[in-house]
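# What the coordinates show
Single-letter residue listing:
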Amino acid sequence: MIKAVRGTRDLLPPDTDLWNRVEAQVRDVFARYNYHEIRTPIFEDTQLFSRGVGEETDIVTKEMFTWEDKARGQSEKAQSLTLRPENTAGVVRAYIEHGLDKKGTLQKLYCIGPMFRRERPQKGRYRQFYQIDAEIIGPPSAGSESPLRDAELLEMLATLLDEVELHDWQLQLNSVGCAEDRARYNQALREALQPVVHLMCADCQRRAETNPLRVLDCKVPEDQPIIEKLPKIGQYLDEPCRAHFAAVQSMLNAVGIAYTINERMVRGLDYYTRTTFEFTHGGLGAQSAVLGGGRYDGLSESLDGPKAPGIGFAIGEDRLILALQSQGEKPAEKVQAYIAPLGAGMNRHALKLARELRRAGISADIGDETFRLKKSFESAEKAGARFIVIVGENEVAAEQFAVKNLASGEQVQVPRADLAAHLQR
Ligand code: HAM
């Protein structure tokens, strides 16, 4: 038997009803905040990620699905291609490629789709997973650097999670400063690590050389006391970065959004500058981040684009759904009406009635032809219907149908003209 590839999974009904409910609510929130959809390709030139996300990151060094695309014919060149592991780099590439900076306004863009990382699969961690990604990007003259953008984006996320009814989320906030701050901080980390690094895990020993900031991501219990004593990034922010972060916090306080400062949260992608954040949820176990994001003021320029500061986030949709399910969230009700034709001769009448109801906005299913009422009731219950509508010869002749509420057991005769309204209640 051929099975789905390790780390991938099929999403089936009724779970997909919950996915669709969440996506519809999210699109509604985005519309109210004036975001518009962008759809970028699922694979890109490998260099986009190695340069955009960072050569030293886990994503680029070990998690990308990359292949060599052979040339077909003289006019094509062989090219290294990669399934997108994230979408910020793709959105910024599209922003540059289509000259969106020339519009002179802020671009508020969102995208919902699959991402691919070759990670070790476990609950909440897959090799194909889905992100709901949003980005605000634009020229500095349009206010793209303003801390107001950071606060507005975080406020939108709080509203979005409230509206999909995720309870008890936590916002963890940090600032990783600008490139110069980080260079100074990295240097300080290197110096602080030097006398102790031989006591740490193999990963940390390597990171201490290549990218000391990543040591802060280490989860090995024995390394934690050492990491706790390392210098904190907050001490290395320059005055403008400090003021920017303070302004973000004061606006969050003004709108009443609670957060915790977590100076160890440095995020796994190299493009971040200044504000970084994650929203976590207790129902997720080890993979507790429902979403993550931050500012990336230099990303466009590092991809040969214009100066275009930006900030964005990506919700791990698989994890958001898991978190909702951990709260006992059930997929929506299945079908409003089950229409039961009593015998083959009644099929065309059932079809006609179903057409009328469906066009009036009622979700309806038509049962199998059967002469037995008992079997029809069983089928209606299996389908999860709220009502069963009986279509027999007498009903059709009288233009009046027997309707039973399957939850309450109440049965009434309803004239054809009133049927849709009755089922709607
Ligand atoms: P990220 O933190 O790598 O950020 O991913 C964002 C979210 O995607 C995570 O918090 C998690 O919920 C989900 N996620 C990541 N990997 C997996 C996986 N293997 N399986 C299931 N879910 C996963 C980014 O991707 C940035 N592009 C976010 C961003 C947008 N920053 C600025 N703009």
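Scope of this entry: the structure provided in the associated data block. (Residues numbered from 1 in each chain as written. Predicted model: local features only at pLDDT ≥ 70, side-chain atom pairs only at ≥ 80, totals over all residues. Heavy atoms only, no water.)

## With respect to the overall build of the protein
- When you go through the protein residue by residue, the secondary structure sums to 15 helices and 16 strands.
- Against the 2.2 N^0.38 benchmark of 22 Å for 425 residues, the protein shows a C-alpha radius of gyration of 28 Å, more extended than a compact globule.
- The C-alpha extent of the protein, read off along each of the three principal axes, is 90 × 60 × 50 Å.
- When burial is assessed residue by residue, the protein has 50% of its 425 residues classed as buried.
- In the protein, once contacts between residues fewer than 6 apart in sequence are set aside, the share between residues at least 24 apart is 70%.
- Across the protein, the mean location of the 55 positive side-chain charges is 4 Å away from that of the 61 negative side-chain charges. (Helix = DSSP H or I, 4+ residues; strand = E, 2+ residues; numbered from the N terminus. Rg over C-alpha atoms; globule rule 2.2 N^0.38 Å. Buried < 20%, exposed > 50% of the residue type's maximum accessible area, 1.4 Å probe, protein only. Contact = heavy atoms within 4.5 Å. Lys, Arg positive; Asp, Glu negative; His and termini not counted. Charge placed at Lys NZ, Arg CZ, Asp CG, Glu CD.)

## As for the site of the ligand
- Close contacts around the ligand come from 27 residues, with E86, E119, Y126, R267 and Y272 the closest.
- Taking R117, its side chain carries an N or O atom lying 2.9 Å from an oxygen atom of the ligand.
- The backbone of Y126 places a nitrogen or oxygen atom 2.8 Å from a nitrogen atom of the ligand.
- Here the ligand has 650 Å² of accessible area as a free molecule, and 96% of this is covered by the chains.
- Counting residues per element, the ones that place at least two in the shell around the ligand are β6 (128–137), β10 (289–295) and β11 (310–316).
- Here the shell around the ligand gets 6 residues from one element, more than from any other, and that element is β10.
- For the shell around the ligand, a count of residues per class yields 11 nonpolar, 8 polar and 8 charged. (Near = heavy atom within 4 Å. Polar contact = N/O pair within 3.5 Å; in protein donor to acceptor, adjacent residues only side chain to side chain. Areas by Shrake-Rupley, 256 points an atom, 1.4 Å probe, with all protein chains shown as cover. Nonpolar A, V, L, I, M, F, W, Y, C, P; charged D, E, K, R; others polar.)

## Observations regarding the side chain of T88
- Tracing the sequence through the fold places T88 in helix α4 (residues 88–97).
- With a relative accessible area of 6%, T88 lands in the buried category.
- The residues contacting T88, other than those within four sequence positions of it, are D133, E135, Y271, Y296 and L299.

## Looking at the sheet that holds strand β4 (residues 79–83)
- One open sheet holds the 3 strands; their spatial order is β2-β4-β3, and the pairing between them is antiparallel. Lying at the two open borders of the sheet, with one neighbouring strand each, are β2 (43–45) and β3 (66–69). Averaged over all neighbouring strand pairs, the angle between strand axes comes to 35 degrees, with direction disregarded.
- Where β3 lies against β4, 4 bridges are found, and the strand directions are antiparallel. The residue of β4 that forms the bridge with E68 is S80. (Pairing = 2+ DSSP bridges. Axes fitted to C-alpha atoms, helices over the stretch in contact; angles between N-to-C directions.)

## Focus: the nonpolar core
- In this structure, F30, F277 and F313 are the most contacted members of the largest nonpolar core, which totals 45 residues.
- In terms of residue count, helix α5 (residues 147–163) provides more of this core than any other element does, 7 residues in total.
- Counting 39 residues, the second-largest nonpolar core is a separate cluster that includes I59, L189, L216 and L237. (Core = buried A, V, L, I, M, F, W, Y, C linked by side-chain atoms within 4.5 Å.)

## Considering the sheet that holds strand β9 (residues 273–281)
- Here we have 8 strands laid out as an open sheet, ordered β1-β5-β6-β11-β10-β9-β7-β8, and mixed in their pairing. Here the strands that pair on one side only, and so sit at the sheet edges, are β1 (36–37) and β8 (260–261).
- Pairing analysis gives 6 bridges linking β9 to β10, with the strands arranged antiparallel. Its bridge partner being in β10, T273 is matched across the sheet by R295.
- Taken strand by strand, helix α9 (residues 239–255) contacts β7 (169–175), β8, β9 and β10, and its axis lies near 160 degrees from that of β7.

## Side note on a nonpolar patch on the surface
- A contiguous nonpolar patch, built from I42, F43 and W67 and spanning about 270 Å² of accessible area, is present on the exposed surface.
- Topologically, F43 is positioned in strand β2.
- The class of F43 is partly exposed, set by a relative accessible area of 45%. (Patch = residues over 30% accessible without salt bridge, like charges linked within 9 Å, V, L, I, M, F, W, Y side chains within 5 Å. Salt bridge = Lys/Arg side-chain N within 4 Å of Asp/Glu carboxyl O.)

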